[in-house]
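# Topology and contacts: notes
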Amino acid sequence: MMRFAALIFFAFSSGVLVSAGVFAFIAAIGIVPRMANRTKTQRFIPLYEDVITLGGLFGTTAMFIDYRLPPVPFLASAFALLTGVFVGVLAVALAEVLNVMLVML
């Protein structure tokens, strides 16, 4: 029983450390202020930060709770689009911070 409890503790701790690192990375490269500045929506920065935090919490709980979306093609398309936008924004922000040019293969 103690081995199982230790395994749960170490797995949870590792997950917390990884998610904290991802959030710190997103904050360090400044995605939120840069995108708000470019879209002229600086007044919504607190809302953007809250939504990012809620997304992290949802992602964490999704590991333990089996969320099911209704089989609606529109929802799957919207999820795919938003995931692509996030990955694209993250890549461009990282490239801008590192002062490199992205090369598509």
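Analysis parameters
- Residues numbered from 1 in each chain as written.
- Predicted model: local features only at pLDDT ≥ 70, side-chain atom pairs only at ≥ 80, totals over all residues.
- Heavy atoms only, no water.
- Helix = DSSP H or I, 4+ residues; strand = E, 2+ residues; numbered from the N terminus.
- Rg over C-alpha atoms; globule rule 2.2 N^0.38 Å.
- Buried < 20%, exposed > 50% of the residue type's maximum accessible area, 1.4 Å probe, protein only.
- Contact = heavy atoms within 4.5 Å.
- 1 Å grid on protein atoms, 1.4 Å probe; cavity = no way out; pocket = protein on both sides within 12 Å on 5 of 7 lines; lining within 4 Å.
- Points joined across faces, edges and corners; volume = space filled by probe spheres on them.
- Nonpolar A, V, L, I, M, F, W, Y, C, P; charged D, E, K, R; others polar.
- pLDDT = per-residue confidence, 0-100.
- Axes fitted to C-alpha atoms, helices over the stretch in contact; angles between N-to-C directions.
- Parallel < 35°, antiparallel > 145°, perpendicular 65-115°, else oblique.
- Left-handed = near helix turned anticlockwise from the far one by under 90°.

### Section: the overall build of the protein chain
A count of helices and strands for the protein chain gives four helices and zero strands. Scanning the protein chain from its N terminus toward the C terminus, one meets helices and strands in the order α-α-α-α. Scaling as 2.2 N^0.38, a compact globule of 105 residues should have a C-alpha radius of gyration of about 13 Å, whereas the protein chain reaches 17 Å, well beyond that. Dimensions along the principal axes, computed over C-alpha positions, put the protein chain at roughly 55 × 35 × 35 Å. A buried classification covers 10% of the 105 residues belonging to the protein chain.

### Concerning the side chain of Thr41
Assignment of secondary structure puts Thr41 in the loop between α2 (31–38) and α3 (45–62). The exposure class assigned to Thr41 is buried, which follows from its relative accessible area of 15%. Leave out the neighbours within four places in its chain, and Thr41 touches Ala36 and Tyr48.

### Overview of the layout of surface pockets
The volume enclosed by the largest pocket comes to roughly 930 Å³. Lining the largest pocket we find 27 residues, and of these Val51, Gly55, Leu82, Thr83 and Phe86 sit closest to its centre. Contributions of two or more residues to the lining of the largest pocket are made by α2, α3 and α4 (73–98). No other element matches α4, which puts eight residues into the lining of the largest pocket. Here the lining of the largest pocket is built from residues that sort into 20 nonpolar, five polar and two charged.

### Section: the confidence of the model for the protein chain
Summing up the model confidence of the protein chain, the mean pLDDT is 78 and the portion of residues at 70 or higher is 91%. Taken element by element, the protein chain is modelled with least confidence in α2, mean pLDDT 77, and with most confidence in α3, mean pLDDT 81.

### Quick word on the packing of α2 against α3
It is at 10 Å that the axes of α2 and α3 come closest, and there the two elements cross at 135°. As judged from the angle between their axes, α2 and α3 are oblique. For the pair α2 and α3, the crossing hand works out as right-handed. Note on element contacts: α3 touches α2 through Ile45, Tyr48, Glu49 and Ile52, opposite Val32, Pro33 and Ala36. Class assignment for the residues of the contact of α2 with α3 results in six nonpolar, no polar and one charged.

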